[in-house]
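Chain and residue survey
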Amino acid sequence: RENMKRIPLIIAVILGVVLIVTVYFFMSFDRILKAAIETFGTQIIGTEVALSSAEVSPKSGSGALKNLSIANPKGFSDGSAISFKEISLKLDTGTLGDDTVLVNTIIIDAPHLTYELGEGGSNLDALQRNVDSYMAAHTEDKSNAEKADQGPDTKLIIESLVIRNGTVSIKADALGDEGVNAPLPDIHLTDIGKGDGATPGEVTEKIFD
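Residues numbered from 1 in each chain as written. Predicted model: local features only at pLDDT ≥ 70, side-chain atom pairs only at ≥ 80, totals over all residues. Heavy atoms only, no water.

Okay, the overall build of the chain next. Summing up its helical and strand segments, the chain has four helices and nine strands in all. Along the chain, helices and strands appear, N-terminal first, in the series α-β-β-β-β-β-α-α-β-β-β-β-α. Counting only residues that meet the buried cut, the chain has 27% of its 209 residues in that class. Across the chain, contacts joining residues at least 24 apart in sequence account for 60% of those joining residues at least 6 apart. Roughly 13,400 Å² of accessible area belongs to the chain as shown, and the carbon and sulfur atoms make up 57% of that amount. (Helix = DSSP H or I, 4+ residues; strand = E, 2+ residues; numbered from the N terminus. Buried < 20%, exposed > 50% of the residue type's maximum accessible area, 1.4 Å probe, protein only. Contact = heavy atoms within 4.5 Å. Areas by Shrake-Rupley, 256 points an atom, 1.4 Å probe, with all protein chains shown as cover.)

Next comes the structure, spelled out in C-alpha cells:
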C-alpha cells in the first residue's frame, strides 16, 4: 500500500523532469541551431561561417538568422567574402517529419559580397570550388544496402526565395585600395527542388549560381 501511495509522486516527478527538459530544449533551441549552422556551414563552404543569433518558432515554422557571415577562403584578405543582415524563413511544419520539407518563403536581406581577384581567380570562385568538392564527396553512389541502412535523405522544396538590398565590393590591384562598390539587383527564385525536392547541398549550389 505504501508503494501504491508513492506512484502519484513518482509520476509527478517524471512529468516535472519532462517539463523541465522540454522547456530547456525550447529555450536552448536557438543556440543549438546557431551552433549547427556554424558547424555544418563551415564544413560545406570550407571556410568559417559565423552567426550572431538565430530566432526560431517551432510552432509557427518561422525563423530568422541575424548577421550571418562567410569568411574569405585562404589566400585572400581577412574579413568576410559574403555577409547577410538577416535571413528569414517560413516553412510548413506539417512536412517536418516527411522526406521532403516544404519551405514557403526565404528572404535574404542586405547581403554584401566582396569580390576579390587573386592569382588563382576570385575568392567566390574558391568558395564555389569548396562547395563543389563537398558535393562530390557526399553524393557518390552508394550501394543499396548503405541506402537502406541510412534511410532516405531529407530534401527541400522552396516555393519562394528573395534576395534583396544587396551590395558588392570589388577588390583588385588595378582598382586601388578602396576598390569599387555597387548595388546588386534583387533576385527572386521560385520552386527550387519542385517535384522530387533538392538536397541542402543542391540548394546551396543553386544559390551560388
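This part is about helix 2 (residues 123–138). Taking 1.5 Å of rise per residue, the 16 residues of helix 2 would be expected to cover 22 Å, and the 23 Å separating its terminal C-alpha atoms lies within 8% of that figure. Residues of helix 2 that are buried include every one of Asn123, Leu124, Ala126, Leu127, Gln128, Val131 and Met135, and no others. (Expected span 1.5 Å × (residues − 1).)

A word on the pairing of strand 2 (residues 62–71). Pairing of strand 1 (residues 49–57) with strand 2 involves eight bridges; the strand directions are antiparallel. Opposite Ser53, over in strand 2, you have Lys66 as the bridge partner. In terms of strand pairing, strand 2 meets strand 3 (residues 80–91) through nine bridges, oriented antiparallel. Bridge assignment links Ala64 to a residue of strand 3, and that residue is Ser88. (Pairing = 2+ DSSP bridges.)

In this model, Asn67 sits at a positive phi of 55°, which is unusual for a non-glycine residue. Its place among the elements puts Asn67 in strand 2. For Asn67, a relative accessible area of 44% corresponds to the partly exposed category. In this model, Ala110 sits at a positive phi of 55°, which is unusual for a non-glycine residue. Judged by relative accessible area, Ala110 falls into the partly exposed class, the value being 24%.

Where the model shows low pLDDT, its predicted coordinates should not be examined in detail. Per-residue pLDDT for the chain has a mean of 77; in total, 77% of the residues score no lower than 70. In the model, residues 18–27 has pLDDT below 50 throughout and makes two contacts with residues more than four positions away in sequence or in other chains. (pLDDT = per-residue confidence, 0-100.)

By the definition in use, this model includes three salt bridges. Glu55 serves as the salt-bridge partner of Lys66, at 3.7 Å between the closest nitrogen and oxygen. With Lys66 in strand 2 and Glu55 in strand 1, the pair connects residues that are 11 residues apart, well separated along the chain. (Salt bridge = Lys/Arg side-chain N within 4 Å of Asp/Glu carboxyl O.)

Okay, the pairing of strand 3 next. Judged from the nine bridges that link them, strand 3 and strand 4 (residues 100–118) form a sheet pairing that is antiparallel. What sits directly across from Ile82, in strand 4, is Leu113.

This part covers the environment of Ile87. Relative to the helices and strands, Ile87 is located in strand 3. Each residue touching Ile87, except ones within four places of it in the same chain, is listed here: Gly63, Ala64, Leu65, Leu68, Ile106, Ile107 and Ile108.

Further remarks concern the environment of Asp196. Position of Asp196 among the secondary structure elements: in the loop between strand 9 (187–192) and helix 4 (200–208). Through-space distance from the C-alpha of Asp196 to that of Asp99 is 9.9 Å; in sequence the pair is 97 residues apart. Ignoring anything within four residues of it in the chain, the contact list for Asp196 reads Thr100 and Lys155.

On the surface, a cluster of nonpolar side chains totalling about 200 Å² of accessible area is made up of Ile170, Leu175 and Val180. Examined against the element boundaries, Val180 turns out to sit in strand 8 (residues 180–183). (Patch = residues over 30% accessible without salt bridge, like charges linked within 9 Å, V, L, I, M, F, W, Y side chains within 5 Å.)

Quick look at the side chain of Thr114 now. Mapped onto the fold, Thr114 is located in strand 4. Residue Thr114 is classed as buried on the basis of its relative accessible area of 8%. Sequence-distant contacts of Thr114, defined by excluding residues within four places in its chain, comprise Ser80, Ala81, Asn123, Leu124, Ser169 and Lys171.

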